Each structure stands twice: as C-alpha cells, then as structure tokens.
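# Geometric and topological summary
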Amino acid sequence: MTDRTQTPTGLVIEKRNWKFGRGMTARRWWHGGDAGRTAFYNALSSTFPVGEKFFMSAVRHYRDEAPEVLREQIDDFIFQESTHSREHVFFNRQARDAGYDLTSSEDRAARTIAWAKKRPPLMQLAGTCALEHFTATLANAILADPAHLAGADAEAQRMWRWHAIEEIEHKAVAYDTLLLAMRSRSPFRRWTLRSFTMLAAGIRFHYVVFRNTADLLRQDGKNNLRTWGGLLAYLYGKPGLMRLLLRDLFAYFRPNFHPWQHDDRALAQRALATLSPPLVAPMPK
C-alpha cells in the first residue's frame, strides 16, 4: 500500500482569476433547452460554494506541517477553490435570476457539510479526498467528450470547462496532504480510513445531488418519469457522466491508488488551448 506521492515533478497548478457570465442573462434551461440536464448541473453548482470552502479548510489544517512543495500546492489549491466558489456563487445567482429557488438545495448541501465538520480533522480531509476524486473524474469526462455539454450556452460551457481543467490540475493536493497526515498509521489503517470515508461520501453525494435535481425539476413542473427517464439515459447511458463516475469510483479502493496514476494533464492542456481568458479580476496582493 503506497504511502508516497505519485504527483508528477514540476506539476503546475496555475492561478487563473477568471470570471464568467458577467453582464449576461442566462436562459432558464441553459443546457440545450433541456430541463433535466439544466437541473442536474444547477444541482451540482448549488453544492459547490459551501463544499469548496469545506475543502479549503480541511486541507489548510495541515498546511504548516507540509514540506515546501506540498505547501505551495496547498496554497495554489486554495486559490483555485476560492475562485471556483466565487464563480459558482455567481452561476447560482444567474439560476435565481432565471426564476429558480435554490434555498432547499443550498440548505441540503450546508447540512451535509455541517455534519462533516463534526468529524475529526483527519476524517474531514479524507472526505475531501473522496469528493475531489469525484470532481476529478467528472472533470475528465467533461473535457474528454464534448457530448456532456453539447447544446449548452457558450458561456456556461466555458465556465464548466475552466472548472474542469483546474480540478484536474489540483486533483492530488488533498490526497497528498492525506498521505502526510496519515504517515504514522499502518498501511491497513490508511486504506480503511479512506475506503470507509469514500463509501459515506459517495452515498451523501448522490443523495444531495439527486434530491437537489428533483427540487429544481419540481419548480419546472417536470419532476416526472419522462423527464427523469431522459436525464438518467443521459447520465448513465451516453454520454454517461455518472456512469463514468461509478466506473472510476472503484479505482479509489485499490490499496495502491493515487490520483496521478491517471495522468490527464495533456487533456487539460488541450482543453485550455480552446479557452480564451474571459474577464480577469485583479490578482489579490
């Protein structure tokens, strides 16, 4: 069971302070005019601001004991996650402007995070690693197959692709921090902690996202078998975003797992080459 990082030497986690959608009005069904797909992505987005703040806190807790390279990566991770949180706050505001009430969705995510914050710091970090594995898997899928965002409004596509690129760049920071935090534990205890935490995180992730999706569909009068049939075919058939998530979930339970065993930096770089910088906020001093 590995207790060492497999993060590539010289990995760059870039600080891009990009903004999306300013001065634009988003369509209510921005994902190709489809209520189900729009609801699913809006449901995901509603969880990000509170979730990413939790991730930053969980990793920051161990920053001072990290070696210099990891400490710098933690700082870059926190920067990227803070900009993701900001952009999803704005994206969620656009959903509100389009007529959605996100209160129940955001409250459900906040209750889950409040429950997680009652756990010891090491378990909070392990939960962060599990959810970062989810976001890295979703990011890879979105960048690898344009069908996931086909038909979506151009600016929404740009925001989700930018987010995906950065999730790939920093996908192992929390995991390497967990390796550091568990360095005094036996290999079996390390594997047990992250495996059981993944099970708990996986159950809660699916519960929150699909309950949030149902809440948003209900507001459109579309919470019915027909809409769900189309959405589930999209998520678990082709292109199959959630099917790919479940497939890659099992890799996390390998005793020697590390996020960079799947090196998708080239995919992220190709995607980045297709994005021109949008509005850029002043860099913090």
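Look above for the structure.
Here we summarise the structure given alongside this text. None of these values were measured; they are calculated from a predicted model.

### What about the side chain of Thr177?
Take Thr177: it is sitting in helix H6 (residues 173-181). Aside from chain neighbours lying at most four places away, what touches Thr177 is Val59, Tyr62, Leu70, Ile74 and Leu125.

### Structural notes on the side chain of Lys171
Checked against the element boundaries, Lys171 lands in the loop between helix H5 (154-169) and H6. Of the polar contacts made by the side chain of Lys171, one reaches the backbone oxygen of Pro259; its length is 3.2 Å. A polar contact is formed between the side chain of Lys171 and the backbone oxygen of His262, at a distance of 2.6 Å. When residues no more than four places from it in sequence are discounted, the contact partners of Lys171 are Ala136, Pro259, Trp260, His262 and Asp264.

### Let's talk about helix H1 (residues 35-60)
An ideal rise of 1.5 Å per residue puts 38 Å on 26 residues; H1 measures up with 38 Å between its terminal C-alpha atoms. Its maximal kink placed at Phe48, H1 deviates by approximately 40 degrees, while the proline Pro49 follows within four residues. Summarising burial for H1: 21 of the 26 residues are buried, a large majority. Capping the start of H1 is the job of one residue whose side-chain oxygen sits 3.0 Å from the backbone nitrogen of Gly36: Asp34.

### Quick look at the packing of helix H4 (residues 121-144) against helix H7 (residues 187-219)
Between H4 and H7, the shortest axis-to-axis distance is 9 Å and the interhelical angle comes to 60 degrees. By the angle between their directions, the pair H4 and H7 is classed as oblique. Crossing of H4 over H7 shows right-handed handedness. Residues Leu122, Met123, Ala126, Gly127, Ala130, Leu131, His133, Phe134 and Leu138 of H4 pack against Leu193, Thr197, Met198, Ala201, Gly202 and Phe205 of H7.

### A short note on the pattern of salt bridges
One side chain can pair with another of opposite charge once the charged atoms of both are near each other. Applying the stated criterion across every chain, the model contains 18 salt bridges. Between Arg63 and Asp64 there is a salt bridge; the shortest N-O distance is 3.4 Å. Residue Arg63 is classed as partly exposed on the basis of its relative accessible area of 24%. In this structure, the salt-bridge partner of Arg247 is Asp248, at a minimum N-O distance of 2.9 Å. Ionic contacts of the salt-bridge type, sharing partners, join the residues Glu14, Arg16, Glu166 and Glu169 into one network.

### So, the packing of aromatic side chains
Each aromatic ring pair is specified by the distance between its two centres and by the angle formed by the two planes. In total, this model carries 16 aromatic pairs according to the counting rule given. Measuring from ring centre to ring centre gives 6.1 Å for Phe48 and Trp160, while their planes differ by 55 degrees; the resulting arrangement is tilted. Note that Phe48 is positioned in helix H1 and Trp160 in helix H5, a separation of 112 residues in sequence. Look at Phe48 and you get buried, because its relative accessible area is 12%. Aromatic side chains Tyr175 and Tyr252 sit 6.2 Å apart centroid to centroid with 85 degrees between the ring planes, which places their arrangement in the edge-to-face category. Taken together, the positions of Tyr175 in helix H6 and Tyr252 in the loop between helix H9 (241-249) and helix H10 (265-273) put the pair 77 residues apart, joining distant regions of the chain. Classification of Tyr252 by relative accessible area gives buried; the value is 1%. Members of the aromatic cluster, connected to one another through ring pairs, are Trp30, Phe40, Tyr41, Phe48, Phe91, Trp160, Phe210 and Trp228. One cation-aromatic arrangement involves Arg22 over Phe90; the distance from NZ or CZ to the ring centre is 4.1 Å. Arg204 extends its terminal NZ or CZ atom over the ring of Trp115, reaching a point 3.8 Å from the ring centre.

### Examining the nonpolar core
Phe40, Tyr41, Trp160, Phe205, Leu235 and Leu241 are the most contacted members of the largest nonpolar core, which has 86 residues in total. Top contributing element to this core by residue count: H4, with twelve residues. Residues contacting Phe40, with those up to four places away along its chain left out, are Val209, Phe210, Thr213, Leu231, Leu235, Leu241 and Met242.

### Focus on helix H2 (residues 68-97)
The terminal C-alpha atoms of H2, which comprises 30 residues, lie 44 Å apart, in line with the 44 Å expected from a rise of 1.5 Å per residue. A positive backbone phi angle near 115 degrees is found at Gly99, which sits one or two residues after H2.

Reading guide: rules and limits
Residues numbered from 1 in each chain as written. Predicted model: local features only at pLDDT ≥ 70, side-chain atom pairs only at ≥ 80, totals over all residues. Heavy atoms only, no water. Helix = DSSP H or I, 4+ residues; strand = E, 2+ residues; numbered from the N terminus. Contact = heavy atoms within 4.5 Å. Polar contact = N/O pair within 3.5 Å; in protein donor to acceptor, adjacent residues only side chain to side chain. Expected span 1.5 Å × (residues − 1). Bend = angle between axes of the 7 residues up to and from the residue. Buried < 20%, exposed > 50% of the residue type's maximum accessible area, 1.4 Å probe, protein only. Axes fitted to C-alpha atoms, helices over the stretch in contact; angles between N-to-C directions. Parallel < 35°, antiparallel > 145°, perpendicular 65-115°, else oblique. Left-handed = near helix turned anticlockwise from the far one by under 90°. Salt bridge = Lys/Arg side-chain N within 4 Å of Asp/Glu carboxyl O. Phe/Tyr/Trp six-rings, centres within 6.5 Å; stacked < 30°, edge-to-face > 60°. Lys NZ or Arg CZ within 6 Å of the ring centre and 35° of its normal. Core = buried A, V, L, I, M, F, W, Y, C linked by side-chain atoms within 4.5 Å.

None of the figures reported here should be taken as evidence of function without further support.
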